[in-house]
Every structure is written in C-alpha cells, then in structure tokens.
Amino acid sequence: MASVEQVQSAEQPVTSENGAHAAPAIAVENPATGETVATVADLDRDAVAAIAARGRAAQPAWDAYGFDGRARILLRAQKWLMDNSDQVIATIVSETGKTFEDASFAEISYAANAFGFWAKHAGEYLADERVKSSQLLVKGKKLILRYRPLGLIGVIGPWNYPLTNSFGDCIPALAAGNSVILKPSEVTPLTSLLMAEGLRECGLPDDVFQVATGRGETGAALIDEVDMIMFTGSTRTGRKVAEAAARRLIPASLELGGKDPMIVLSDADLERAANFATYYSMQNAGQTCISIERAYVEEPVYDEFVSKVSEKVRALRVGRPEGPGSVDVGAITFPPQLQTIEDHVTDAVDKGARVLAGGQQPPTSGGGRFYEPTVLVDVDHTMKIMTEETFGPTLPIMRVADADEAVRLANDTPYGLGASVFTRDTDRGEQIARRIEAGAANVNDAMINYTALELPMGGAKASGLGSRHGAGGIRKYASQQAIVVTPRLALKKEPHMFPYKGRTSRFLAGVFKFLYGRGRRD
Ligand code: NDP
C-alpha cells in the first residue's frame, strides 16, 4: 500500500516508501495560487521494481477474496469517499486549481458511482461462460470461457482528473482480482495517495494498491514491471507507451487526446445548444479530453447561436476557487498548457479569427495561472485552434452551409474521441452521429456518455486503443482461458488418431464433405 510517507510538507526532506531509492522531491503546486502545497518522492527504477514485487506477492490472496469479498471492500470505499468527500475535494482542488464543482460533479460523483458499479458488475462481466460449439470433435464436452486476472496492472494517469482518470481506472482492475500500481501525473499525485489511505482504512490488504509517484521515467519503469498497462494521457506519450508495451508483449489500453466537434443544425433548440456549448467547452477550464473543442453551426442559426454563446461565456467568473459557488472557471493546471492555449489563440487571430470573449490571461491572477473563457469566430481549418488539441477554455465557432459540410469538417482531424449533434430531429441526429468517426457521439447532449458506465468509452483514430467501462472495460484486465472438459466415460481412442487407415480417412473426408461441401458455389 502506498503511504503518506510519500507526501511531505514543503519543508521536509523527502523519502520514498523504502527510503533507499529516494530521488529528489517533486514539489506539488496549487495552480490557483502558485504555492507549493506538498512534495512527493520521485521513485526510480529500483523503487518501482521493489513495489512491483510486493504487488505481485499480494495478488493471489486478493484474487482469493472472490468477487463478493472484493465487492465488500469496494462498497466500503464508496462509503469512505462520501464520508470524506470534503477532504478529497479539497485535495483535488489544491493540486489542480479546479473549482469545487468540477471536483465534486465530475470526480467525486464518478468515483463513488464507479465503486458501486464495479462492485456489482465485476462478477457478472467476468463470470465463466458455458459455450456451445457446432464442431463435431468437441460434441459432448464441456466448453468454458474463463476470465483470469492478469496479475499486476500498471495505471498511468493525466493531471486533469486525478480521481476520475487516474484512480478511476484502478477500480475495475482491482475488482477483477489484480494488484494495481498507479502512477499519477507528477503534477497531481496527492489525490491518488489519499485514495490509497482510504482503501487501507477500508480493509484492502497491504500492497494490493500502491502509488508510484514520479515523473515520466517512473511511468516508463512501471511499464517494464507490470502485466498490463492502462494509460490515459496525450497521444504523443501514448505512442511511447504502446511501443514500450509492444517490446514486452503486454497488453496496453490507451485513452488519448481529443478535438471533439459539436454540430448545431438549424432546427436545434438553440438555447439548449448554447448552454451546452458554453458548459462543455469551459467546464474544468476546458481541460477535459471530451470537452467541446470546436463548433460547426448551420448558416441560418449561426448568428443567433454565436450571440447567445458569447453572452453566456462573457458572464463566466474565472479565478481562484474559494469554496462552492465562488467561481465558474478555475485554473490552468499544467504550466505548459497555458502556452499552448495562447499559441492557438494567437495563431487563429493572426490568420483572421475574431475574439468575441476572453482571448487573454486575466489582468490579475493572484499568483495563479488562469485563462479567460474565450470565444472565437471567423475560424477555419488552417488554424491550430480547429485542428490541434487546445485543452483550455476556448470555443472556436465555424459557420457551415449544411450538415454534410459539418460532418466532413468534424471528421477532418486525426482524433476521434467524442462528438455531439444538436437537432430537434433526433432520428436525423442519430444518423449524423453514426457518420462521425469518434468513439462516442451524443445527440442533444455532450460528454454525458462518460457517466453511463455500461457503455464503452474509448477513442477512435489517434484518440486511443481499447476502452474503459462496460464489459470490455474490465475484461481487458483479465486474460481469457478456454477450458475443455471431456467426460469420464469417453472412447479410449478417437477415430482421427494414429495409426491412419485408408478406410477411416476416406470416411472422415466424406463426413467433412457432407458437413461443409453441400450446396452450390453461387
Ligand atoms: P501526458 O501524456 O503528458 O502524461 C500522462 C502520464 O504519462 C503522466 O503521468 C506522465 O507523467 C506519464 N508519462 C510521461 N512520459 C511517460 C513515458 N515515457 N512512459 C510512461 N509514462 C509517461 O498527458 P497529460 O498528463 O498532459 O494529460 C493530458 C492529456 O490526457 C490530454 O491529451 C488529454 O486529452 C488526455 N486525456 C485523455 C482522456 C481519455 O479518456 N481519452 C482523459 C483525460 C485526459 P508526468 O506527468 O509525471 O510527466
């Protein structure tokens, strides 16, 4: 189990869990204030190997708990999370600078739901399946498809949702009977360490869940130790992770970047569409993989939509979160992200875009890192803001002639994570959703597919490989085993065996012809 020994106040020297492998500390900054809130250990290769050995040793006993035993602990963890939600929210806010609402609505509620969901469904998704076969040679035998936990799972997560996207993927891995080592982003490790403490309180056996704090090198070292890697982060790092996993021939599930389009058709409920555009592009300061990153609006309603969205965005309050309801848009968590946002806005403006809201850092930031919620028009696909992941509080809106042009532009991207279509004609909306090359498409909504844990959530194209949630979201943490049981009363020898005899071979060839060779070759 990872421990609070990894978290220290800013003044203390840092030791890792086993002291011997301590490397220089990583300072964790509150992006809304610029203050260092803690330091954590930077685990090196040896430290990662040591905790991996402990995780492996702990796994068989955890597997032996069975689904019911593990579910009991997950349900306790659900309750622990609700009992301690103020502390967890404060921790998330302190290391991300996001608002209390972004921490509560999109992190606490997700994790609490996920604990219950996987406690309830892990056993059902991973239950043995009795399989029937038409194959003659296995007639009368018992065929079983069985899911066996892979052993030690590595989860590497990003900084934008320390609870949902880093810790969240550990829950099904644990429910499946694996030990897990989580490598959170170096920018936001504190929530993961707090969750490790929570799980310990809930009775999770030692070393079944451990946190490897550190930088990219710690993540790379983790891939070299585990039986499967679940990665969430940028497409650039995702490719490196896939290469490292391929070298070791271990499975990798990759949840990567996005550039989600929103399409607004002329028959849409414009007030709803404008509210959704505003919320789902600016929520979490736009630092969500499935944020609305660009909008395509049909000509007849373009002006009205732009005017509604601009007005709503201008009304948003950006700044340091002081408590629930204090601000709408929080900080930019990762320092280099601010440069990316500024670069995309500047590039768009240089190429002819107009800024209708925001477009800069707020004049006073109180030591924090913020960007004003920004609306851009007169944009096109020569601009980075329409083609590259911005990951900030920006919404470029483009006028299109019709739905076909909107679909063509929506698909004009290497990414394919999410999308949304707004129209009162829901059948048409569904048809358009099917034409978008993305892992998820919402009609008259956005992002909401993420909350339906029964549905797979994953990216198409450069947005990833594999998915979280649903049956596939837990089966990926298990290997499939086929078990074939021949009944006790069976022939001493089967007809296809040695010694080959002409008569038997001709008879079997005739049987194959009878089974597979009838009918015509049309
Ligand atoms: P990064 O790819 O920069 O980092 C992700 C994680 O990988 C971090 O923990 C990082 O450590 C670690 N890492 C860095 N280098 C390596 C390496 N060579 N081997 C193994 N691990 C490594 O992503 P960000 O943290 O910047 O996250 C933002 C990105 O995540 C965006 O592109 C966003 O779209 C995507 N994302 C995708 C989601 C999805 O579900 N598809 C959900 C949420 C975010 P460190 O931080 O310490 O460098």
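Everything that follows concerns the structure shown earlier in this document.
Residues numbered from 1 in each chain as written. Predicted model: local features only at pLDDT ≥ 70, side-chain atom pairs only at ≥ 80, totals over all residues. Heavy atoms only, no water.

What follows concerns the environment of Gly470. Counting through the fold element by element, Gly470 comes out in the loop between strand 20 (464-465) and helix 16 (472-475). Residue Gly470 is classed as buried on the basis of its relative accessible area, which comes to 2%. Taking C-alpha positions, Gly470 is 5.1 Å from Leu455, a pair spaced 15 residues apart along the chain. (Helix = DSSP H or I, 4+ residues; strand = E, 2+ residues; numbered from the N terminus. Buried < 20%, exposed > 50% of the residue type's maximum accessible area, 1.4 Å probe, protein only.)

Let's shift gears to the sheet that holds strand 13 (residues 354-357). Read across the sheet, seven strands follow the order 13-14-15-12-11-17-18 without closing on themselves; strand pairing throughout is mixed. Each end of this open sheet is capped by a strand with a single partner; those strands are strand 13 and strand 18 (442-443). With three bridges joining them, strand 14 (residues 374-377) and strand 15 (residues 394-400) adopt parallel strand pairing. Within strand 15, the residue paired with Thr374 across the bridge is Thr394. (Pairing = 2+ DSSP bridges.)

Per the counting criterion, the structure on display carries 26 salt bridges. Two residues, Asp347 and Lys351, come together in a salt bridge whose shortest N-O distance is 2.8 Å. Residue Lys351 is classed as partly exposed on the basis of its relative accessible area, which comes to 42%. (Salt bridge = Lys/Arg side-chain N within 4 Å of Asp/Glu carboxyl O.)

In contact at an axis separation of 9 Å, helix 10 (residues 270-282) and helix 11 (residues 299-314) are set at 45° when each is read in the N-to-C sense. Taken together, the axes of helix 10 and helix 11 are oblique relative to one another. The handedness of the crossing between helix 10 and helix 11 comes out as right-handed. Between helix 10, through Leu270, Glu271, Ala273, Ala274, Asn275, Ala277, Thr278 and Met282, and helix 11, the contact on the second element is made entirely by Val301, Glu304, Phe305, Lys308, Val309, Lys312 and Val313. Partitioned by chemical class, the residues of the contact of helix 10 with helix 11 number nine nonpolar, two polar and four charged. (Axes fitted to C-alpha atoms, helices over the stretch in contact; angles between N-to-C directions. Parallel < 35°, antiparallel > 145°, perpendicular 65-115°, else oblique. Left-handed = near helix turned anticlockwise from the far one by under 90°. Contact = heavy atoms within 4.5 Å. Nonpolar A, V, L, I, M, F, W, Y, C, P; charged D, E, K, R; others polar.)

The subject of this paragraph is the nonpolar core. Ranked by size, the top nonpolar core spans 121 residues in total, and within it Leu81, Phe209, Phe305 and Ile397 carry the most contacts. Discounting chain neighbours no more than four positions away, the residues touching Leu81 are Val88, Ile108, Ala111, Ala112, Phe115, Leu163 and Met195. Core analysis: the second largest hydrophobic core is formed by 22 residues, Ala41, Ala47, Ala212 and Val241 among them. (Core = buried A, V, L, I, M, F, W, Y, C linked by side-chain atoms within 4.5 Å.)

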